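Architecture at a glance
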Protein chains: 2
Amino acid sequence: MSRHTIPRHQAIERHLRSRVAGLQPGDPLESDAELCALFRVSRMTVRQAAQRLADEGLIYRVPGVGTFVAEPKVHRDVGRLRSFTEEMALRGAAASSRLLVSEIRSGTHEEIAALQLPPRAKVTHVRRLRLADGKPMAIEDVVLPVSCAAVLNEDLEQGSLHEALQRLGEIPTRATGTQVAALAGPDDAKLLSIKVNAALLIERRLITNQNGLPLEKTETRYVGDEFVFHIVLSL
Amino acid sequence: MSRHTIPRHQAIERHLRSRVAGLQPGDPLESDAELCALFRVSRMTVRQAAQRLADEGLIYRVPGVGTFVAEPKVHRDVGRLRSFTEEMALRGAAASSRLLVSEIRSGTHEEIAALQLPPRAKVTHVRRLRLADGKPMAIEDVVLPVSCAAVLNEDLEQGSLHEALQRLGEIPTRATGTQVAALAGPDDAKLLSIKVNAALLIERRLITNQNGLPLEKTETRYVGDEFVFHIVLSL
DNA sequence: CAGTCCAGCCTGTCTAGACTGGTACGGCGA
DNA sequence: TCGCCGTACCAGTCTAGACAGGCTGGACTG
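Residues numbered from 1 in each chain as written. Chains lettered and ligands numbered in written order. Predicted model: local features only at pLDDT ≥ 70, side-chain atom pairs only at ≥ 80, totals over all residues. Heavy atoms only, no water.

Time to look at the overall build of chain A. Counting secondary structure elements, chain A contains seven helices and ten strands. Here chain A holds 235 residues, and the buried ones make up 46% of them. A separation of at least 24 residues holds for 58% of the contacts in chain A among residues at least 6 apart in sequence. Carbon and sulfur atoms provide 53% of the accessible area of chain A, an area that totals close to 11900 Å². (Helix = DSSP H or I, 4+ residues; strand = E, 2+ residues; numbered from the N terminus. Buried < 20%, exposed > 50% of the residue type's maximum accessible area, 1.4 Å probe, protein only. Contact = heavy atoms within 4.5 Å. Areas by Shrake-Rupley, 256 points an atom, 1.4 Å probe, with all protein chains shown as cover.)

Put into structure tokens, the structure is as follows:
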């Protein structure tokens, strides 16, 4: 009640979150009445916690039946520039990576044009398998100017690339890009542990830094039926 | 409690949504106590409505001060709401449609909940194959309240549904939704002239009108390798 | 005039009930 | 065996209060 203790509905919310994390989709959770008894709390308080998780899509509630763990869908707010790491933290999942490629090589014409580099310039290339709570979610190819090569010294398996860039004074600020659906090839399938010809959602972004200069060219291949983009549109 | 009426907290939510739509960011809204008097309900009921809008980011509540209209979440240029017709015009293609279904039928629970209609309400359902320069691009399912049934009298093969809605005084203003990649089923493949198991990009949107009230629930299944979403992201 | 204090209003949190409509299931009768 | 029905349980909705803690503004004091 006082500010020294967390609200009870928050305690119940935590309890439910950890229950959800340890159960399978479709598994039943405690009923409202059971939670009331468990936390010695009135039903409105239990509902406040349960309703919030239901709104978030973590659980679903069926009148006359009970409360259940929902199918896990990873959501992503489109319209706000976030790194994979930030995105996962927002959803309560731990982001990690398996480093597949980290190299300095000559840029392709396309990369040089996109990043506005001089002809025949070298680029920094990082390819990572992105994991959420250890589960493969996407393959990410990042191309940076060679001036950002210092990020190769960072821990790119546990750490965030965007945070590493910020330590170099480069702040990813704005992005434009495209989204398109495609089929998984043999390489995609193997890395992402999915079937060949499964649906992928491919996002290509060109990110600019705080000065509006091209900073990063990224292609991310998301598992189509695991990753849901959340969109907000207005006139 | 009279049965077969919309919940009171939903009525209050509607009231607040239309208030928000007509005010500027930072403008104060009614206090909880005022809303209690206005709707002759208890405070828990008012809070249920207000808290939902606060969670959505439409309003913010400051203890000791009051409830206010929030800054719009999405920048004007980010995630513009456009109809298929507008989208195609932007790409220099002519949009047309083949009308597959146009009917008035009972809404599903999901549709009724999304559009905030009374239980067992009827809905207007339009399914069209969307073409760009005569080439199949997407299958679109639109569900509207039965009060918008007059759009069925319009030319839905050559004309724009959103323009028809505007002639009825309903202006599609804001949308939230999700995008996900999936594979084409036999029906999709036949209509879109693609192979079974080709990649699709599925967008689900819930569109609200100028008063912030739910207007349209849409699912659009785009041909994955023909349709590219352009995105703009910012910090 | 400046500073303090308090009363009144605001949202946050919570209680202990109530009624509704929906679902699941066991038992009873045909 | 099959169908019907009653009962128990479930979440949805709602009431009429309560206290805590933050904020504002006016009154009162020095």
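Turning to the pattern of salt bridges, a few remarks are in order. Residues and elements named next belong to chain A. Applying the stated criterion across every chain, the model contains 33 salt bridges over all chains. Two residues, Glu-154 and Arg-167, come together in a salt bridge whose shortest N-O distance is 2.8 Å. Remark: Arg-167 occurs in helix α6 (residues 161-167) and Glu-154 occurs in the loop between β6 (135-145) and α6; sequence separation between them is 13 residues. According to the relative accessible area criterion, Glu-154 is partly exposed, its value standing at 31%. (Salt bridge = Lys/Arg side-chain N within 4 Å of Asp/Glu carboxyl O.)

To continue, consider helix α1 (residues 8-21) of chain B. Its 14 residues give α1(B) an end-to-end C-alpha distance of 20 Å, which sits within 8% of 20 Å, the value for a rise of 1.5 Å per residue. Elements that come into contact with the buried residues of α1(B) comprise α2 (32-39), α3 (43-56), β1 (59-62) and β2 (66-69) of chain B. (Expected span 1.5 Å × (residues − 1).)

Below, the discussion takes up the packing of helix α2 (residues 32-39) of chain A against helix α3 (residues 43-56) of chain A. Residue and element names in this part refer to chain A. Where α2 meets α3, the axes come as close as 9 Å, and the angle between the chain directions of the two elements is 110 degrees. By the angle between their directions, the pair α2 and α3 is classed as roughly perpendicular. Where α2 crosses over α3, the handedness of that crossing is right-handed. Note on element contacts: α3 touches α2 through Arg-43, Val-46 and Arg-47, opposite Asp-32, Leu-35 and Cys-36. A breakdown of the residues in the contact of α2 with α3 according to their chemical character gives three nonpolar, no polar and three charged. (Axes fitted to C-alpha atoms, helices over the stretch in contact; angles between N-to-C directions. Parallel < 35°, antiparallel > 145°, perpendicular 65-115°, else oblique. Left-handed = near helix turned anticlockwise from the far one by under 90°. Nonpolar A, V, L, I, M, F, W, Y, C, P; charged D, E, K, R; others polar.)

For chain A, per-residue confidence averages 85 on the pLDDT scale, and residues scoring 70 or more make up 89% of the total. Mean pLDDT values over the elements of chain A span from 55, in strand β3 (residues 74-77) of chain A, up to 95, in helix α7 (residues 186-192) of chain A. (pLDDT = per-residue confidence, 0-100.)

Moving on, we come to the protein's contact with DNA strand C. As a structural note, the neighbourhood of DNA strand C is formed by 28 residues, with Arg8(A), Ser42(A), Arg43(B), Arg47(B) and Arg61(B) the closest of them. The sugar-phosphate portion of DNA strand C accounts for 59% of its atoms within 4 Å of the protein, the bases making up the rest. The side chain of Arg43(B) places a nitrogen or oxygen atom 2.7 Å from a base nitrogen of DNA strand C. Arg61(B) places a polar side-chain atom, nitrogen or oxygen, 2.7 Å from a phosphate oxygen of DNA strand C. When residues of the surface near DNA strand C are traced back to their parent elements, those giving at least two are α1 (8-21) and α3 of chain A together with α3, β1 and β2 of chain B. The residue inventory of the surface near DNA strand C, partitioned by class, reads ten nonpolar, ten polar and eight charged. (Near = heavy atom within 4 Å. Polar contact = N/O pair within 3.5 Å; in protein donor to acceptor, adjacent residues only side chain to side chain.)

Below, the discussion takes up the pairing of strand β5 (residues 135-145) of chain B. Residues and elements named next belong to chain B. Most of β5 is tucked away: ten of the eleven residues are buried. Direction of pairing for strand β4 (residues 122-132) relative to β5: antiparallel, over a ladder of ten bridges. Looking at β5, one finds that Thr-124 is bridged to Leu-144. Count of turn residues in the β4/β5 antiparallel hairpin: two residues, of which Asp-133 carries a positive phi of about 50 degrees. (Pairing = 2+ DSSP bridges.)

Moving on to the protein's contact with DNA strand D. Looking at DNA strand D, there are 29 residues lining it, with Arg43(A), Arg47(A), Arg61(A), Arg8(B) and Ser42(B) nearest. Sugar and phosphate atoms form 61% of the subset of DNA strand D atoms that lie within 4 Å of the protein. Arg43(A) is positioned such that a nitrogen or oxygen atom in its side chain is 2.7 Å from a base nitrogen of DNA strand D. Here a phosphate oxygen of DNA strand D sits 2.5 Å away from a polar atom, N or O, in the side chain of Arg47(A). Of all the elements in the fold, those that place two or more residues in the surface near DNA strand D are α3, β1 (59-62) and β2 (66-69) of chain A together with α1 and α3 of chain B. Across the surface near DNA strand D, the residue classes tally to ten nonpolar, eleven polar and eight charged.

All right, on to a nonpolar patch on the surface then. All names here are of chain A. Together, Tyr-60, Val-62 and Val-65 line one region of the surface with nonpolar side chains, adding up to about 260 Å² of accessible area. One can find Val-62 in strand β1. By relative accessible area, Val-62 is classed as partly exposed at 33%. (Patch = residues over 30% accessible without salt bridge, like charges linked within 9 Å, V, L, I, M, F, W, Y side chains within 5 Å.)

Below, the discussion takes up the nonpolar core. In terms of nonpolar packing, the biggest core is built from 24 residues, with Phe84(A), Met88(A), Tyr222(A), Phe227(A), Phe84(B) and Met88(B) touching the most fellow members. For this core, the elements supplying multiple residues, two or more each, are α4 (84-90), β6, β8 (199-208) and β10 (227-234) of chain A together with α4 (84-90), β5 and β7 (199-208) of chain B. In this structure, Val20(B), Leu29(B), Val41(B) and Leu53(B) belong to the second largest nonpolar core, which totals 14 residues. (Core = buried A, V, L, I, M, F, W, Y, C linked by side-chain atoms within 4.5 Å.)

Next up on the list: the side chain of Asp188(A). Residues and elements named next belong to chain A. Of note, Asp-188 is situated in helix α7. Accessibility expressed as a relative area gives 9% for Asp-188, which makes it buried. Ignoring sequence-local partners within four residues, the contact set of Asp-188 consists of Ile-139, Leu-183, Ile-194, Leu-200 and Arg-221.

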